[in-house]
Amino acid sequence: MQPEGKLGDIKDPGLTDEGIRLIQWAAREMPVTKLIKERFELEKPLKGLSVVACLHVTTETANLALALKAGGADISLCASNPLSTQDAVASALSIAYDIPTYAIKGEDDNTYYSHINTALDSSPNMTMDDGADVVATLHTTRQDKLSNVIGGTEETTTGVIRLRSMAQAGKLKYPIIAVNEADTKHMFDNRYGTGQSTLDGITRATNVLFAGKNLVVAGYGWCGRGVAMRARGMGAQVIVTEVNPVRALEASMDGHTVMKMEDAARVGDIFVTVTGGKHALDAHHFQVMKNDAVIANSGHFNIEINIDALEDAATEKKSVRPMVDQYIMADGRRINLLAEGRLVNLAAAEGHPSAVMDMSFANQALSAEYMAKNSQTLKPDVYDVPITLDQMVASLKLDAMGLRMDELSEEQAAYLAGWETGT
Ligand code: ADE
């Protein structure tokens, strides 16, 4: 149970009414999450469970938190990134909806971790992560809170990679469902969500025209595919850099130019990193970039651009607009870094649109319910979202969109199940 009267740590309680309005606005586009919330209200599948959710504190996350609360969970929320918090939403959750929220946009790294730690003081039975910082904290500095935890969920590619490393090393102490791996998550959220919101973030930060620009996408996973597809739609010439030959080939046959980053660095006007890895843009790339290049990251951590190397190479750094730091290089070239190298789509815009988060968060809510029912039968490991839940989310979303699909006849089903019939 939450200690009574906990209000979390928020920027400004005066933003509460605005937060309520924004959360309600997002709810219009989240019909699947709404249906789950209504069922949860009746069935209370999370009754008595304390949940710590470390997610981007957005209007969409608020709707998920309300669904979990309707299901009976005692939920504490903390930010999964220092720059992604929507302060009005944090206020509304803490004050109007009684969900202690520890998140202030622009918090420093110390505050970020102290918020995670304060949320963990609630002794969670379940964790819900976006990037695995709560799991990592629980397995290192907060092992005192591990024994209560029955299971968790993870939202994003980077977090799943981290958790799999933990599981492989035999370090993971409880089962976690990799929500990211559901088709109804990564095929839509990572592709269309990151695609649209990344361009939105770059636009809001810079007001650049994409048409006619060389836009370099580092990484052609689901997020990279989405960014590349949408940038092309805006008239950019898209260049993709990859380390995986199959993905590089796919990018080429999708119609993009593929080259090494050392070549792309010379011709790019706008760069977006979505690799999930480290230093996709590094010191030697900054040395050859065009004057006034714009560089942004939409991967989970602010490590994809080597900012220390950029700082070292620059003779001066100026803040020229909100979310734009301009680095002046020794030869006078300017390089413009957006959102301090943090997720540009959440720091400079509002993250993925609600309609796509609807599916991601429906998977989260259903996975939490599944974990509440089945954790005792699951060893500490990383699990996929059960296919039945994934398909249920797709069916509910189709229904909500007013779309109908065909069903196999008995004869068609029998044909597909058999092997006897040939030419
Ligand atoms: N991740 C990406 N976009 C998001 C959003 N709008 N809300 C929560 N998490 C997100």
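Scope of this entry: the structure provided in the associated data block. (Residues numbered from 1 in each chain as written. Predicted model: local features only at pLDDT ≥ 70, side-chain atom pairs only at ≥ 80, totals over all residues. Heavy atoms only, no water.)

### Observations regarding helix H2 (residues 31-43)
So the rule is basically this: Starting at the N terminus, helices and strands are each numbered in turn, a helix being any DSSP run of H or I of at least four residues and a strand any DSSP run of E of at least two. For a helix, the expected span equals 1.5 Å multiplied by the residue count minus one. Throughout, a residue-residue contact means that at least one pair of heavy atoms, one from each residue, lies within 4.5 Å.
With 13 residues, H2 extends 18 Å from end C-alpha to end C-alpha; this agrees with the ideal 18 Å at 1.5 Å per step. Close packing links the buried residues of H2 with helix H3 (59-70), helix H15 (354-374) and helix H16 (387-400). Lys-44 sits one or two residues past H2 and shows a positive phi near 50 degrees.

### Things to note about the pairing of strand E8 (residues 214-218)
Counted only if it meets this: Burial classification: accessible surface area is computed with a 1.4 Å probe over protein chains only, and a residue below 20% of its type maximum counts as buried, one above 50% as exposed, and the rest as partly exposed. For two strands to be treated as a pair, DSSP must find no fewer than two bridges joining them. We call a crossover right-handed when, viewed with both strands directed away from the observer, the connection leading from the first strand over the helix to the second proceeds clockwise.
E8 sits mainly inside the fold: five of its five residues count as buried. Residues Asn-214, Val-216 and Ala-218 point to one face of E8 and Leu-215 and Val-217 to the other, with burial holding for every one of them. Note: E8 against strand E9 (residues 237-241), five bridges, orientation parallel. Residue pairing for E9: Ala-218 is matched across the bridge by Thr-241. Remark: the E8/helix H9 (residues 222-233)/E9 crossover connection has right-handed handedness. Examined bridge by bridge, E8 and strand E11 (residues 270-273) share four bridges and lie parallel to one another. Note that in E11 the partner of Leu-215 across the bridge is Ile-270.

### Description of unusual backbone geometry
The phi angle at Ser-123 is positive, at roughly 55 degrees, despite the residue not being glycine. Relative to the helices and strands, Ser-123 is located in the loop between helix H5 (109-120) and strand E5 (126-129). Taking the relative accessible area as the measure of exposure, Ser-123 reaches 22% and is therefore partly exposed. Although it is not a glycine, Met-323 adopts a positive phi angle of roughly 70 degrees. Position of Met-323 among the secondary structure elements: in the loop between strand E13 (314-321) and strand E14 (324-329). Given a relative accessible area of 26%, Met-323 falls into the partly exposed group.

Spatial relationships are all this shows, so hold off on functional conclusions.
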